[in-house]
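# Residue-level structure breakdown
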Amino acid sequence: MNLNDNYEDIIDMERPWPMDTLRKHPKMSPQDRAKIFAPFAALRGHSERLGEEDVKLMRSKRTELSEDEAAMLSDKLLQVKKGMTVTVEYFQPDNENGEIGYDVTATGTVTNIDVVYRILKIDTGRKNEKGAVDDVIKFDDLLDVSGEGIIGIDEFLGIENCGD
């Protein structure tokens, strides 16, 4: 015996609505009913915050720079000075071996550039309970550096093009 056999005579019937109920609560259209069950943001601003970061933080493998790209990056780092405002792209490792992580773009003021320990510190405006927090970026993780005052290496060194 099929379970639907018991209800074949009423399965396609309209639901009965008493008149006093219809007067107090008119039948809602499917579009209006759908609005009631639409997704809501339990954390105000959370989706916007994720929207800003998820584009920047796409998990990937470490990008290895070619020799030419590494040389150009090195030329740019020669021009970076404390107090400059720079935009850096760098790889932020996510696992222990450092091969999986995120490509991050950050803009801030250079607070320190240490060629011995091969790190760049920038103040991006992030704060914790103790105050401002510098982003510490290893030179090996850097992908690109740009900013006002960073120019082509020939122009920086004052080399003129003699081929003209």
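In this report, we go over the structure that sits alongside the text. Only a predicted model underlies this, so the values are computations on that prediction, with no experimental measurement involved. (Residues numbered from 1 in each chain as written. Predicted model: local features only at pLDDT ≥ 70, side-chain atom pairs only at ≥ 80, totals over all residues. Heavy atoms only, no water.)

### What about the pattern of salt bridges?
Should the charged atoms of two oppositely charged side chains come close, the side chains can pair. Basically, it comes down to this: Here, a salt bridge means any Lys or Arg side-chain nitrogen found within 4 Å of an Asp or Glu carboxyl oxygen. For the purposes of this entry, the term helix denotes a DSSP run of H or I that reaches at least four residues, the term strand denotes a run of E that reaches at least two, and both are numbered from the N terminus. Between buried and exposed lies partly exposed: a residue is buried under 20% and exposed over 50% of the maximum accessible area for its type, with that area taken using a 1.4 Å probe on protein chains only.
Under the counting rule described, the total for this entry stands at four salt bridges. In this structure, the salt-bridge partner of Asp 141 is Arg 62, at a minimum N-O distance of 2.8 Å. Note that Asp 141 is positioned in the loop between β5 (131-138) and β6 (142-147) and Arg 62 in the loop between β1 (59-61) and α4 (67-79), a separation of 79 residues in sequence. You can call Asp 141 buried: its relative accessible area is 10%. The salt bridge partner of Arg 126 is Asp 135, with a shortest N-O separation of 2.6 Å. Look at Arg 126 and you get partly exposed, because its relative accessible area is 44%.

### A short note on the nonpolar core
The nonpolar side chains of a soluble globular protein tend to be buried, and buried together. The cut-off we apply is this: Definition of nonpolar core: a set of buried residues of the types Ala, Val, Leu, Ile, Met, Phe, Trp, Tyr and Cys, connected through side-chain atoms within 4.5 Å. The contact criterion used throughout is that any non-hydrogen atoms of two residues lie within 4.5 Å.
Ranked by internal contacts, the top residues of the largest apolar core, which has 17 residues, are Val 86, Val 88, Ile 122, Leu 142 and Val 145. For this core, the secondary-structure elements that each account for two or more residues are α4, β2 (85-93), β3 (100-114), β4 (119-128) and β6. With residues up to four places along the chain from it excluded, the contact list for Ile 122 reads Val 86, Val 88, Ala 106, Gly 108, Thr 109, Val 110, Thr 111, Asp 134, Asp 135 and Ile 137.

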